[in-house]
Amino acid sequence: MHDGYIRAIGVSNFTPERIVDLCLNSDFSPMVNQLERHPYFLNKEALFEMQKNGVAAQAWGPLCEGQKDIFGNQILNDIAAVHGKSAAQLILKWNLQSGVAVIPCSTSERHRLEKISLDDFELSDEEMQLINSMDLGHSEIIDHRCGHTARQLINWRIHD
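Residues numbered from 1 in each chain as written. Predicted model: local features only at pLDDT ≥ 70, side-chain atom pairs only at ≥ 80, totals over all residues. Heavy atoms only, no water.

Draft legend 1. The sheet that holds strand E2 (residues 32–36), seen in detail. Overall, parallel pairing links the four strands, which are arranged E1-E2-E3-E4 in an open sheet. A strand with exactly one partner marks an edge of an open sheet, and here the two such strands are strand E1 (10–12) and strand E4 (101–103). Averaged over neighbouring strand pairs, the angle between their axes works out to 25 degrees when direction is ignored. Here three bridges tie E1 to E2, and the two strands are oriented parallel to one another. The partner of Ser12 across the bridge, within E2, is Gln34. (Pairing = 2+ DSSP bridges. Helix = DSSP H or I, 4+ residues; strand = E, 2+ residues; numbered from the N terminus. Axes fitted to C-alpha atoms, helices over the stretch in contact; angles between N-to-C directions.)

Structural data, given as structure tokens:
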């Protein structure tokens, strides 16, 4: 970084204490931390430390990977209907309005197009708070603080 070859770094799944440790004990801080964030898991503590240390948040799995019937959730669908949007669009807008970038995934062209039409509506403070109230306070996808997860991931191979 000091030689000018690297302008920025990003990290993924850094917990609050890891973000603070990196920011306090290195010559540079990450520009972004990709972390799990969706209406069922706000990841508030990590976001607080990231904001305090100038690290941008980017949500992977912002749609909870479709788990827990997120697209059938009544609260989300009721708010989405008010704006003429889908639950997926609502969730993405909620993240963006919260200052969190999103990495949505889709295999459908229709869904990809739907996910980019988010500029024509705003959520009210009351709607944002209602969505925030859905927080369960823990991951619904993967627990990175668990030893079992670390053992499982160490043996996972993406490429042979």
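Draft legend 2. Quick peek at the pattern of salt bridges. Evaluated as defined, the whole model comprises four salt bridges. Residues Lys85 and Asp120 are paired through a salt bridge, measuring 2.8 Å at the closest nitrogen-oxygen approach. One end of the pair, Lys85, is in the loop between helix H3 (74–83) and helix H4 (87–97); the other, Asp120, is in the loop between helix H5 (109–115) and helix H6 (125–132), and 35 residues separate them in sequence. (Salt bridge = Lys/Arg side-chain N within 4 Å of Asp/Glu carboxyl O.)

Draft legend 3. View of the environment of Leu47. Inspection of the secondary structure puts Leu47 in helix H2 (residues 44–52). The contact partners of Leu47, leaving out residues within four places of it in the chain, are Leu35, Arg37, Leu42, Ala57 and Val100. (Contact = heavy atoms within 4.5 Å.)

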